[in-house]
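# Per-entry structural report
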Amino acid sequence: MSPGLPPSPLAPLALVLVLAAVSRAGAAEERLAYPKAPRAEVVDDYHGTKVADPFRPLEDPDAPETRAWIEAENALTEAWLSKVPAREGIRRRLRSLQDYERTSPPFVEGGRVFYLRNDGLQDQPVLFVQERLDTHPRVLLDPNRLSKDGTVALSGLSVSRDGKTLAWAVSDGGSDWTRWRFRDVGTGRDAEDVLSWVKFSSAAFTADGKGVYYARYAAPEPGKELASVNKGQKLYFHRLGTKQSEDVLVYERPDDPELGFGADVTDDGRWLVLSVWKGTDRRSRLYVKDLAEEGSPVVRLLDDFDARYDFAGSAGPVFYLLTDKDAPRGRVVSLDVTKPGKPALTTVVPESGAVIEGVSLIADRLVLRLLVDAASRVVVHRLDGKKEREIELPGLGSVTGFAGRRSQKETFYAFTSFTDPGTVYRYDFATGKSELFRRSPLKFDPAGFVTERVFYRSEDGTRVPMFLVHRKGLKRDGTAPAYLYGYGGFGIAMTPAFSVKVLALAERGAVFAQPSLRGGSEYGQEWHDAGRLGKKQNVFDDFVAAAEWLLEKRYTSRERLAIGGGSNGGLLVGAVLNQRPELFAAAVPSVGVMDMLRFHRFTIGWGWVSDYGSPDDPEDFKRLLSYSPLHNLKKGTKYPAVLVVTADHDDRVVPGHSFKYAAALQDAQGGEAPVLIRVETRAGHGAGKPTTKQLDETTDVLAFLDRVLGGFAPPVEAAPPREWR
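Nothing here was measured: the structure is a model prediction, and the numbers come from that model.

So, how was this worked out
Residues numbered from 1 in each chain as written. Predicted model: local features only at pLDDT ≥ 70, side-chain atom pairs only at ≥ 80, totals over all residues. Heavy atoms only, no water. Pairing = 2+ DSSP bridges. Helix = DSSP H or I, 4+ residues; strand = E, 2+ residues; numbered from the N terminus. Buried < 20%, exposed > 50% of the residue type's maximum accessible area, 1.4 Å probe, protein only. Arc of directions from axis to C-beta. Contact = heavy atoms within 4.5 Å. Polar contact = N/O pair within 3.5 Å; in protein donor to acceptor, adjacent residues only side chain to side chain. Axes fitted to C-alpha atoms, helices over the stretch in contact; angles between N-to-C directions. Parallel < 35°, antiparallel > 145°, perpendicular 65-115°, else oblique. Left-handed = near helix turned anticlockwise from the far one by under 90°. Nonpolar A, V, L, I, M, F, W, Y, C, P; charged D, E, K, R; others polar. Salt bridge = Lys/Arg side-chain N within 4 Å of Asp/Glu carboxyl O. 1 Å grid on protein atoms, 1.4 Å probe; cavity = no way out; pocket = protein on both sides within 12 Å on 5 of 7 lines; lining within 4 Å. Points joined across faces, edges and corners; volume = space filled by probe spheres on them. Domains from an automatic or database assignment. Buried area = accessible area lost by both parts, 1.4 Å probe.

This brings us to the sheet that holds strand 15 (residues 248–251). Read across the open sheet, the 4 strands follow the order 12-13-14-15; overall the sheet is antiparallel. Only two strands of the sheet have a single partner each, and these edge strands are strand 12 (204–205) and strand 15.

Shown next, in the form of structure tokens:
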């Protein structure tokens with residue numbers, strides 16, 4: 001039985017199933033006997049098309065039959081993985097690589113400096129505060145003290161302008177649901193206030209620090225907290241020291257329950273800014289409320305839902321926004337909120353060849369975070385749009401941070417790459433110089449690895465970038481194992497980022513490949529549009545073309561090539577396995593969207609219609625059915641080895657997707673390659689997962705790949721240079 005899994009009333013049955021399966025497992029090439037999954041005679045009618053769903057009972061993660069099946073599957077997977085000789089060595093090396101101090105970019109409120117730090121193997125990062133930059137830090141909030149198993153995570157925080165009050169949110173067991181509390185920064189004591197049933201919301205303090213604006217949903221039906229559809233979000237004002245039941249309703253839209261509301265208060269405290277969103281659609285609306293006038297209405301400033309409008313900051317009544325209106329790669333515009341009628345957008349920084357990822361207004365400057373061929377650049381402009389300078393970055397990587405206010409004269413940012421776990425810098429706007437604030441110590445020599453950015457052509461001739469990470473001196477003779485990882489959706493850019501999984505693979509002679517597939521935002525909104533709705537097949541074609549390029553250039557061979565992806569990337573893996581099962585030796589779909597006909601019926605799944613389309617639409621249904629991983633499995637096909645990864649508390653992509661897919665794939669498998677599923681307990685979609693569980697999962701994924709790909713090379717563990725220790 002997997003640690004932490006609650007006992008099932010059908011545990012004896014589960015044990016029988018496991019013993020039968022393991023007794024027949026034998027060597028890797030022998031076909032496994034899989035636990036029997038619960039079934040039902042379920043046939044749905046979609047616009048006149050009958051579609052069977054025999055594993056529908058697995059959608060209920062708490063049903064006794066489902067729990068027994070989970071126990072049996074986890075036991076089978078554990079028995080199979082226990083036969084990998086390299087497993088414990090992989091675990092030890094992963095722990096060693098993960099055991100380094102890492103710090104988030106600080107932000108400043110009321111002169112106090114706040115940041116998160118993990119000393120290495122802590123399950124959750126700890127929030128620290130310094131009275132000034134030159135004083136010693138002290139612990140303000142340690143989430144590791146909130147649970148014995150590390151599964152209660154700090155999922156949100158906000159600090160009042162005077163730096164005296166911390167609003168902090170926690171999630172339990174990986175759920176998206178959060179509870180907000182309020183802590184006195186000076187004393188460390190919490191107030192009695194508790195805000196419940198909050199999801200997809202921050203807490204925006206008023207300028208005087210006496211209250212916050214936040215958004216919440218109605219309490220779900222008991223027992224359905226992790227599956228109920230999330231609609232009808234409402235924006236409230238909570239005054240500190242009062243009960244949540246006394247909160248003031250600020251805004252709601254019963255006429256359109258799919259709308260959600262992000263709140264911000266301008267630096268001068270005058271305006272409440274509502275960023276209005278709808279699911280995962282990148283388009284948004286911008287509403288404002290004049291806080292200087294009691295009882296003022298919410299004004300729908302930009303309400304056409306025709307583009308993205310991200311609030312960057314304000315100078316009095318002049319707002320600065322990042323938009324892709326008439327600019328697919330983004331431009332910065334300004335508008336005066338006090339002028340009557342529909343506001344005119346004035347271009348401040350025009351669109352260019354680079355994609356504008358984000359904008360911050362600090363020290364009367366606009367800090368633009370750019371993407372060029374999927375790698376970061378940072379440029380500083382004055383408020384009139386004139387370019388001041390580009391901030392020099394250490395290399396090919398990604399940046400985060402740049403928080404601050406108009407009155408502040410400095411900011412902090414972090415740079416990371418595939419071989420840099422995170423270096424934090426302090427940037428001085430007066431001098432234009434960056435100075436080192438924190439550098440994560442390493443337990444490897446980055447000079448022993450190579451990061452390449454290559455380009456290849458997809459099936460329709462589109463040029464696609466891809467990052468490769470491997471040991472220096474790699475021989476391109478087709479013998480190296482390779483792990484191709486992708487996403488391709490929702491306008492999310494896949495940029496260089498540090499991962500102990502990637503490093504451990506490279507140390508063992510493997511090639512890690514990360515293509516920037518269409519559907520992301522690496523080249524702006526047009527790149528996103530080219531991989532969604534009716535063009536979703538482009539994403540799968542891009543991924544297959546990346547695999548074929550790796551084979552053609554002899555980085556690896558079909559027998560040594562594995563693929564992986566999570567969430568929308570899990571869908572990607574499932575789709576290409578069905579379309580090209582002969583191309584790969586192994587696959588690891590994690591927390592994937594595998595049932596494209598029912599994804600919109602759970603939690604926030606309805607919000608993905610902007611990328612996928614809706615099964616309720618006849619034309620969308622035909623397209624979704626054509627690539628849905630669950631519905632395109634063909635019995636008797638020889639599929640590669642597959643390890644499905646999911647979590648029982650995932651309320652973003654409910655685990656029923658992976659449960660049904662794994663059961664159906666085991667039933668369909670016509671070859672001898674194993675089809676396994678690993679179900680994590682007390683964990684969700686990934687955010688806030690404790691370090692211990694992350695390392696356990698990564699160990700099992702790498703052990704699985706080691707066995708099915710024929711073994712990795714012995715790891716090369718070189719000492720880091722002195723400046724990185």
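We now examine helix 9 (residues 618–627). Residues Asp620, Phe621, Leu624 and Tyr627 constitute the buried set of helix 9. When helix 9 is viewed along its axis, its buried side chains cluster within an angular range of 145 degrees and face the same direction. Opposite its buried face, helix 9 presents the exposed residues Glu619 and Lys622, each directed more than 90 degrees away. The secondary structure elements touched by the buried residues of helix 9 are strand 1 (43–46), strand 2 (49–52), helix 6 (537–552), helix 7 (568–579) and helix 8 (609–612). The N-capping residue of helix 9, defined by a side-chain oxygen 3.0 Å from the backbone nitrogen of Glu619, is Asp617.

A few words now on the packing of helix 4 (residues 500–507) against helix 11 (residues 691–708). Their axes nearest at 11 Å, the elements helix 4 and helix 11 cross at an angle of 30 degrees. One way to sum up the angle between helix 4 and helix 11 is to call them roughly parallel. Between helix 4 and helix 11 the crossing geometry is right-handed. Taken together, the residues of helix 11 that come into contact with helix 4 (itself represented by Lys501, Ala504 and Leu505) are Thr698, Val701 and Leu702. Along the lines of polarity and charge, the residues of the contact of helix 4 with helix 11 split into 4 nonpolar, 1 polar and 1 charged.

For side chains bearing opposite charge, pairing can occur when the charged atoms are close. One pass over the structure, following the stated rule, counts 55 salt bridges. Across the pair Lys224 and Glu221 runs a salt bridge, and its minimum N-O distance is 3.9 Å. Given the relative accessible area of 48%, Glu221 is considered partly exposed. Connected via shared salt-bridge partners are Asp44, Asp53, Arg56, Glu59, Asp595, Arg598 and Lys660.

This part takes up the side chain of Asn632. Following the sequence through the fold, Asn632 ends up in the loop between helix 9 and strand 38 (641–647). A polar atom in the side chain of Asn632 sits 3.4 Å from the backbone oxygen of Ser626. A distance of 2.9 Å separates a polar side-chain atom of Asn632 from the backbone oxygen of Ser628. With residues up to four places along the chain from it excluded, the contact list for Asn632 reads Asn578, Leu625, Ser626, Tyr627 and Tyr639.

The next thing to look at is the sheet that holds strand 9 (residues 165–172). The 4 strands lie next to each other as 8-9-10-11, forming an open sheet whose pairing is antiparallel. Each edge of the open sheet is held by one strand with a lone partner, namely strand 8 (152–159) and strand 11 (195–198). Going across the sheet, the axis of each strand differs from the next one's by a mean of 30 degrees, ignoring polarity. As judged from the 6 bridges shared by strand 9 and strand 10 (residues 178–184), these two strands associate in the antiparallel manner. When the bridges of strand 10 are listed, Val170 appears paired with Arg179.

Contact geometry of helix 3 (residues 87–98) with helix 4 gives a least axis separation of 10 Å together with a crossing angle of 125 degrees. Overall, the two elements helix 3 and helix 4 adopt an arrangement that is oblique. The handedness of the crossing between helix 3 and helix 4 comes out as right-handed. Between helix 3 and helix 4, the residues in contact are Arg93, Leu94, Leu97 and Gln98 and Val500, Leu503, Ala504 and Glu507, respectively.

Moving on: empty space enclosed by the protein. Scanning the entire structure with this criterion turns up 7 cavities of 30 Å³ or more. One number sums up the size of the second largest cavity: a volume of about 60 Å³. Around the second largest cavity sit Arg282, Arg308, Asp324, Pro328, Arg329, Gly330, Val355, Ile356, Gly524 and Gln525, which together line it.

Structurally, Thr495 is set in the loop between strand 34 (482–485) and helix 4. A residue is classified by how much of its surface remains accessible, and Thr495, at 18% relative accessible area, is buried. Through-space distance from the C-alpha of Thr495 to that of Gln233 is 32 Å; in sequence the pair is 262 residues apart. In contact with Thr495, not counting residues within four places along its chain, are Leu371, Ala374, Ser398 and Gln514. There is a polar contact of 2.8 Å between the side chain of Thr495 and the side chain of Ser398.

Parsing the protein chain into structural domains produces domain 1 (43–95 + 444–709), domain 2 (101–350) and domain 3 (352–441). For the pair domain 2 and domain 3, the summed buried area comes to about 2,400 Å², and 60% of that belongs to carbon and sulfur atoms. Counting the contacts that link domain 2 with domain 3 gives 2 salt bridges. Glu109 is the salt-bridge partner of Arg405, the closest N and O atoms lying 2.8 Å from each other. Counting across the interface, domain 2 meets domain 3 through 9 residue pairs in polar contact (both at pLDDT 80 or more).

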